[in-house]
Amino acid sequence: ASSRLVLGIETSCDETGAAVLDETGEILGESLHSQKDVHLRTGGIIPMVAQQLHREHIERVVQEALERSNVEPSQLSAVATTVKPGLSLSLGVGLEFSQRFVRQHNRPFIPIHHMEAHALTVRMLQPVAFPFLVLLVSGGHSLLAVARGVDDFLLLGHTLDEAPGDTLDKVARRLSLIKHPQCSTLSGGQAIELLAKDGDRTRFRFTTPMGQTYDCCFSFAGLRNQVTMAIVKKEAEEGIEQGTLLSCVNDIAAATQHTVASHLAKRTHRAILFCKANGLLPPSSPTLVVSGGVASNQYIRKALSLITEATGLQLLCPPPKFCTDNGVMIAWNGVERLREGKGILPPNVDVCYEPK
Ligand code: KG4
Ligand code: ZN
């Protein structure tokens, strides 16, 4: 029997991605255009710039994914596209393109929730049965949820202010890490991980957020404030201009990274205990899946592994390529939905994007 094929399209943030997968999760062809370099230079994502770059690249990216997989549009069983959450202007480009595409080629359309896609990606790589606990941490996301089925998630916690990657990016920008020779091409999180290796985390003490809040939510804005105050104090002590601190950048990086890791680990620990107390995870081989750009941080992974080891959970983290945004994860979510016949729309239905 010939396998059903799904084209996945992602434009929710700053990656234009497309991929064709067969029903088994084999990647037949993919293409990805990242805008990260551009946004690194402007000190953050400017939504209209992101929109313009998606517009410039989407046609080619989709074309490349189809050509590399040697698949004609008429052979596709469905087109799956991210419709939420994300930047409105970015989401709009992928959605408009996809709606035109499915009408032109008369293919079914599957609207995709970006976070659902992140959470399910691991199942493309290895068999992971529902339910499992998932921690998603990146520049735009931070949440803990129990994945109970393809379209069934129990949200345990989310960020009350900003996502951890966003915090690391902003601290890195405040320290002008982009000017450090080793860090010029790195994201904020990567720069902090690198510099922290030569730092002493005990030389700065930041309070782990929400120590007295008995839930599984996150907060990083207060930590960013603590770090900024410490930087301001040091700059004043040394009588230097903003963003020119050199003397203790490694220590600040190490302390910041440690506090982020500690917060993520403590919240995850709470979530695991809650799941156990309420029978939300299977007694045999319960699993924690961690994904998102921040999940590639080795120090944070180590902190999480201490928690999973202590509580008897298996820790799974897809390789970085699949932790960050791409068309593959969207196509895979399409495959999962196609298998279960969930959320598949005829080509002529008007779909809206939802930023939140
Ligand atoms: O998943 P991703 O590529 O894009 C979205 O945000 O959706 O994640 C990017 C975020 C950035 O904030 C970046 O600073 C952070 O992930 N990041 C890291 C590391 N690599 C990327 N944070 C900590 N340690 C890293 N090694
Ligand atoms: Zn994402």
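Residues numbered from 1 in each chain as written. Chains lettered and ligands numbered in written order. Predicted model: local features only at pLDDT ≥ 70, side-chain atom pairs only at ≥ 80, totals over all residues.

Student: Please explain the overall build of the protein as it appears in this structure.
Tutor: Looking only at helices and strands, one finds 12 helices and 10 strands in the protein. Once the C-alpha set of the protein is aligned to its principal axes, its extents read approximately 70 × 50 × 30 Å. Of all 356 residues assigned to the protein, the portion counted as buried reaches 50%. Long-range pairs, those at least 24 residues apart, make up 75% of the contacts in the protein between residues at least 6 apart in sequence. (Helix = DSSP H or I, 4+ residues; strand = E, 2+ residues; numbered from the N terminus. Buried ≥ 20, exposed ≤ 12 C-beta atoms within 10 Å, placed from the backbone. Contact = placed C-beta atoms within 7 Å.)

Student: Got a minute to help me understand the UniProt feature "domain: Gcp-like" (unreviewed entry) in the protein in this structure?
Tutor: The feature "domain: Gcp-like" (unreviewed entry), as annotated in UniProt, sits at residues 26-332 in this numbering. Between the C-alpha atoms that bound residues 26-332 the distance is 9 Å, and the span itself is 49% helix and 16% strand. (UniProt positions renumbered as here; feature names shortened; annotations may be inferred.)

Student: What is the right way to look at the sheet that holds strand β10 (residues 314-316) in this model?
Tutor: Hydrogen bonds between backbone groups are what pair the strands of a sheet, and the pairing can be parallel or antiparallel. Overall, mixed pairing links the 5 strands, which are arranged β8-β7-β6-β9-β10 in an open sheet. Edge positions in the sheet fall to β8 (152-158) and β10, since each has one partner strand and no second. On average, each strand axis in the sheet is inclined to that of its neighbour by 25°, with strand direction left out of account. Here 4 bridges tie strand β6 (residues 132-137) to strand β9 (residues 287-291), and the two strands are oriented parallel to one another. Within the sheet, the bridge partner assigned to L133 lies in β9 and is L288. Sitting on the sheet, helix α9 (residues 249-277) is in contact with β6, β7 (142-149), β8 and β9, with an inclination near 160° to β6. Against the sheet, helix α10 (residues 298-311) engages β9 and β10, with an angle of about 150° to β10. (Pairing = 2+ DSSP bridges. Axes fitted to C-alpha atoms, helices over the stretch in contact; angles between N-to-C directions.)

Student: Can you help me understand the pairing of strand β3 (residues 27-34) in this one?
Tutor: Alignment of strand β2 (residues 15-22) against β3, held across 7 bridges, turns out to be antiparallel. Residue pairing across strands places E15 opposite S34, the latter belonging to β3. Counting the residues in the hairpin turn of β2 and β3 gives 4 residues, including G25, whose phi is positive at 95°.

Student: Looking at this structure, how should I read the sheet that holds strand β5 (residues 109-113)?
Tutor: Across the sheet, which stays open at both edges, the 5 strands sit in the order β3-β2-β1-β4-β5 with mixed pairing between neighbours. The sheet is open, and its two borders are formed by β3 and β5, each paired with just one other strand. Recorded for the sheet is a direction-independent mean angle of 20° between the axes of neighbouring strands. Taken strand by strand, helix α2 (residues 47-69) contacts β1 (5-10), β2 and β3, and its axis lies near 160° from that of β3.

Student: What's the story with unusual backbone geometry in this structure? I'm lost.
Tutor: Most peptide bonds take the trans form, and the phi angle of most residues other than glycine is negative. Following K84, the chain continues to P85 via a peptide bond in cis, the omega torsion being -20°. For P85, the location among the structural elements is in the loop between β4 (78-84) and α3 (88-105). Cis geometry marks the peptide bond from F130 to P131; its omega dihedral reads -5°. If you trace the backbone, P131 turns up in the loop between α5 (122-125) and β6.

Student: Honestly, the site of ligand 1 in this entry has me stumped. Any pointers?
Tutor: As a structural note, the neighbourhood of ligand 1 is formed by 20 residues, with G139, G165, G189, G293 and N297 the closest of them. Listing elements by their share of the shell around ligand 1, those giving two or more residues are α6 (164-174) and α7 (188-196). For the shell around ligand 1, the class distribution of residues is 3 nonpolar, 13 polar and 4 charged. (Near = placed C-beta within 6 Å. Nonpolar A, V, L, I, M, F, W, Y, C, P; charged D, E, K, R; others polar.)

Student: When you look at the domain arrangement of the protein in this model, what are you seeing that I'm missing?
Tutor: Many descriptions give the size of an interface as the accessible area lost when the pieces come together. What the domain assignment reports for the protein is domain 1 (5-121 + 322-340) and domain 2 (129-317). Using only C-alpha atoms to locate each centre, domain 1 and domain 2 end up separated by 27 Å. In this complex, domain 1 contributes 15 residues to the contact, which on the side of domain 2 involves 19 residues. If you list the elements that add at least two residues to the side of domain 1 that touches domain 2, you get α1 (36-41), α4 (114-120) and α12 (327-340). At 5 residues, the largest contribution of residues to the side of domain 1 that touches domain 2 is made by α4. Looking at side-chain class alone, the side of domain 1 that touches domain 2 contains 6 nonpolar, 4 polar and 5 charged residues. (Domains from an automatic or database assignment.)

Student: Can you help me understand the environment of P319 in this one?
Tutor: By the element assignment, P319 lies in the loop between β10 and α11 (320-323). In this structure P319 comes out as exposed when scored by C-beta crowding, with 8 C-beta atoms within 10 Å. The sequence separation of P319 and F274 amounts to 45 residues, and the corresponding C-alpha distance is 28 Å.

Student: Would you take a moment to explain the packing of α6 against helix α8 (residues 221-238) for this structure?
Tutor: A pair of packed helices is characterised by two quantities: the angle between their axes and the separation of those axes. Where α6 meets α8, the closest approach of the two axes is 10 Å, and the angle between their N-to-C directions is 10°. The pairing of α6 with α8 is recorded here as roughly parallel in orientation. For α6 against α8, the interelement crossing comes out right-handed. In contact with T167, K170, V171 and R174 of α6, α8 contributes L223, R224, V227, T228 and I231. Split into classes, the residues belonging to the contact of α6 with α8 amount to 4 nonpolar, 2 polar and 3 charged. (Parallel < 35°, antiparallel > 145°, perpendicular 65-115°, else oblique. Left-handed = near helix turned anticlockwise from the far one by under 90°.)

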